[in-house]
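Chain by chain, the residues run as shown.
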Amino acid sequence: MHTIPMDIQTKLKTIIVEELNFEDLTPAEIPDDIPLFGDGLGLDSLDAVELVVQIQKYFGVQIKNMEEGRTAFQSVNALAAFIAERLPE
Amino acid sequence: MSPPWGSWAAFMKNDARTRSARRLKRWTSRSIGSRFQHRIFYALIRAGGIHLAYPLLYAVVFYYMTCRPSIRQKTAFYLEKRFPHKNAAERFADSCRISMTLGKVLIERAKAGIRGPETLQLSFPAKGRLFRLLEENRGLILMNAHVGGWQVILPALPSLGRPVKMLIERDAYDVDLHYYEHARRPRPFAAIDPRGFLGGSLEMMGALERGEILCVMGDRVFGSDKNVIHVPFLGKKAVFPFSAFKIASVSGAPVAVFFSHRIGPDRYGIEIPDVIRVPAGLGRSPRAFGPYVHRFVAALDAYTREHPYQFFNFYDMWAES
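Quick summary incoming for the structure in this document. (Residues numbered from 1 in each chain as written. Chains lettered and ligands numbered in written order. Predicted model: local features only at pLDDT ≥ 70, side-chain atom pairs only at ≥ 80, totals over all residues.)

**A word on the overall build of chain B**
Along chain B, the regular secondary structure elements total 10 helices and nine strands. Every one of the 321 residues in chain B was classed for burial, and the buried ones make up 37%. For chain B, the proportion of contacts with a sequence separation of at least 24, taken over those separated by at least 6, is 76%. (Helix = DSSP H or I, 4+ residues; strand = E, 2+ residues; numbered from the N terminus. Buried ≥ 20, exposed ≤ 12 C-beta atoms within 10 Å, placed from the backbone. Contact = placed C-beta atoms within 7 Å.)

**Looking at the overall build of chain A**
In terms of regular secondary structure, chain A is built from four helices and zero strands. Listed N to C, the secondary structure of chain A is α-α-α-α in terms of helices and strands. Taken against the 2.2 N^0.38 rule, which gives 12 Å for 89 residues, the C-alpha radius of gyration of chain A at 12 Å falls within 12% of a compact globule. By its C-alpha atoms, chain A is 35 × 25 × 20 Å across when sized along the principal axes. The buried share among the 89 residues of chain A stands at 31%. (Rg over C-alpha atoms; globule rule 2.2 N^0.38 Å.)

**With respect to the interface of chain B and chain A**
Facing 15 residues of chain B, the contacting portion of chain A comprises 16 residues. Of all elements in the fold, only α8 (201–209) and α9 (243–251) of chain B reach the threshold of two or more residues within the side of chain B that touches chain A. Per element, the largest residue contribution to the side of chain B that touches chain A is five residues, and it comes from α8(B). The residue inventory of the side of chain B that touches chain A, partitioned by class, reads six nonpolar, five polar and four charged. (Nonpolar A, V, L, I, M, F, W, Y, C, P; charged D, E, K, R; others polar.)

**Section: the pairing of strand β7 (residues 236–241) of chain B**
Pairing geometry for strand β6 (residues 228–233) of chain B and β7(B), over six bridges, is antiparallel. In the strand pairing of β7(B), B:His230 is matched with B:Val239. (Pairing = 2+ DSSP bridges.)

**Some thoughts on the nonpolar core**
Residue and element names in this part refer to chain B. Counting 101 residues, the largest nonpolar core has Ile141, Met143, Phe245, Val255, Ala256, Val293 and Phe296 as the members making the most contacts within it. No other element matches helix α10 (residues 286–306), which puts eight residues into this core. Apart from residues no more than four positions distant in its own chain, Met143 is found in contact with Val216, Gly218, Ala244, Val255, Ala256, Val257, Phe258 and Phe296. (Core = buried A, V, L, I, M, F, W, Y, C linked by C-beta atoms within 7 Å.)

**Comments concerning the sheet that holds strand β9 (residues 267–276) of chain B**
Residues and elements named next belong to chain B. The sheet built from seven strands is open, its strands ordered β1-β9-β8-β2-β5-β3-β4 with mixed pairing. Looking at the sheet topology across the chains shown, the edges are occupied by β1 (121–123) and β4 (190–192). Across the sheet, the axes of successive neighbouring strands diverge by a mean angle of 30°, strand direction being ignored. Pairing of strand β3 (residues 164–167) with β4, which is carried by three bridges, proceeds in the parallel orientation. Of the residues in β4, the one forming a bridge with Lys165 is Ala190. (Axes fitted to C-alpha atoms, helices over the stretch in contact; angles between N-to-C directions.)

**A look at the environment of B:Ile263**
Relative to the helices and strands, B:Ile263 resides in strand β8 (residues 255–264). Between the C-alpha atoms of B:Ile263 and B:Gly148, which are 115 residues apart in sequence, the distance is 9.1 Å.

**A few points about the pairing of β9(B)**
The two faces of the sheet receive side chains in turn, since in a regular strand these alternate between them. Residues and elements named next belong to chain B. Pairing of β1 with β9 involves three bridges; the strand directions are parallel. Paired with Leu122 across the bridge in β9 is Tyr268. Strand direction decides the pairing type here: β8 and β9, joined by eight bridges, are antiparallel. Counted as the bridge partner of Val255 is Ile276 from β9.

**Overview of the packing of α8(B) against α9(B)**
Each pair of packed helices can be summarised by the angle the axes make with each other and by the distance between the axes. Residues and elements named next belong to chain B. Two elements in contact, α8 and α9, have axes separated by 10 Å at closest approach and are oriented at 45°. Taken together, the axes of α8 and α9 are oblique relative to one another. Viewed along their axes, α8 and α9 form a crossing whose handedness is right-handed. Where α8 abuts α9, its residues Ser201, Met204, Met205, Leu208 and Glu209 lie against Ile247, Val250 and Ser251. Here the residues of the contact of α8 with α9 are counted per class, giving five nonpolar, two polar and one charged. (Parallel < 35°, antiparallel > 145°, perpendicular 65-115°, else oblique. Left-handed = near helix turned anticlockwise from the far one by under 90°.)

**Regarding α10(B)**
Residues and elements named next belong to chain B. Between its first and last C-alpha atoms α10 spans 30 Å; for 21 residues at 1.5 Å apiece the expected length is 30 Å, and the two agree. Where α10 bends most, the angle comes to about 30°, and this point is Tyr292. Turning to α10, its buried residues are Phe289, Tyr292, Val293, Phe296, Val297, Ala299, Leu300 and Tyr303. On its buried face, α10 sits against β2 (140–144), β6, β7, α9, β8 and β9. (Expected span 1.5 Å × (residues − 1). Bend = angle between axes of the 7 residues up to and from the residue.)

**Some remarks on the packing of helix α3 (residues 50–67) of chain B against helix α5 (residues 88–115) of chain B**
Residues and elements named next belong to chain B. With their axes 9 Å apart at the nearest point, α3 and α5 run at an angle of 145° to one another. Classified by chirality, the crossing of α5 by α3 is right-handed. Residues Ile50, Ala53, Leu57, Val61, Tyr64 and Met65 of α3 lie in contact with α5, whose contacting residues are Phe92, Ser95, Cys96, Ser99, Met100, Gly103, Lys104, Ile107, Glu108 and Lys111. Its residues assigned to classes, the contact of α3 with α5 shows 10 nonpolar, three polar and three charged.

Here it is as structure tokens:
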């Protein structure tokens, strides 16, 4: 099992706050295990599209389909683990 | 303890939100007729074609226009904006006319299903333009609207030579059939349900990455989609979704405005009034997508001037403003 590098989690939270325009939230205030969509952080479908783009830009990791997205987008932890497993060498 | 006016203000705010949500949810894909009533029409088409079904259509439209004012009201949202100076009698006549045109479109769609789509005459002079857009291999977004024969022209899609995905929401109790459902023909597209995971956004992105065609409706907000912008349409601000333009920005896919109109019995024209390119890196702000939604709405506005009785978006898209 992969350990999740802390810097991936921190970068992800920064992306969420800065790129998705969360003005009232700091990266440190986002819990690692909060659901990203719906009743959790409240992201929506277009936030998901933006996240896909930003993840590819910063980490070089693609989320190619719905099955991958369903696994990855559960929480910051899940997304960080997904990225850690696929980071280019 | 909060002051009483505070809770009243909160109530009023919540009530306003509820009313707004109710207005948006008023639209449903569910037909106003029953399954049995639809079957009568299908039987008439089987027996004698569209000309046997038209007389019954006249009677049905007369009934709904005279005895069901709520149905007439659904056409009024648009007609009041398109023809603001008409009197009540003229508006009644317009409601009948627009309802009749929609009825004929639905009958001809059923005929295409029952007797085969080859019975339709589709004029598609801009097809070459779409082929050139597809050659860019960035996928292609066809942005449709509830105008003309948007359901009748579906048989034209396979001729574009690429898999087609369509963002489509169907009511579980829908009783009217798409043309391909009559004779269990292969569906000319694969459906993406906007009520699915993340509104189907990842499926849409995937399709475009593979160079496929994605069909979306540019004039309808699905469910609880918050990604909307208010743009003047027929003189008053109306609500339009901008999600497709965001996806175009991210994927690089061009957006072809894709309208159709009914020319006569079984005859339809397909037109591409505009091709919209959305640059990358526009971010998340709705305002960034305003210019592109404006271009779509300008094309829709022009369409309603050329074909005033072929606009079938029967919900109050102006109410939210």
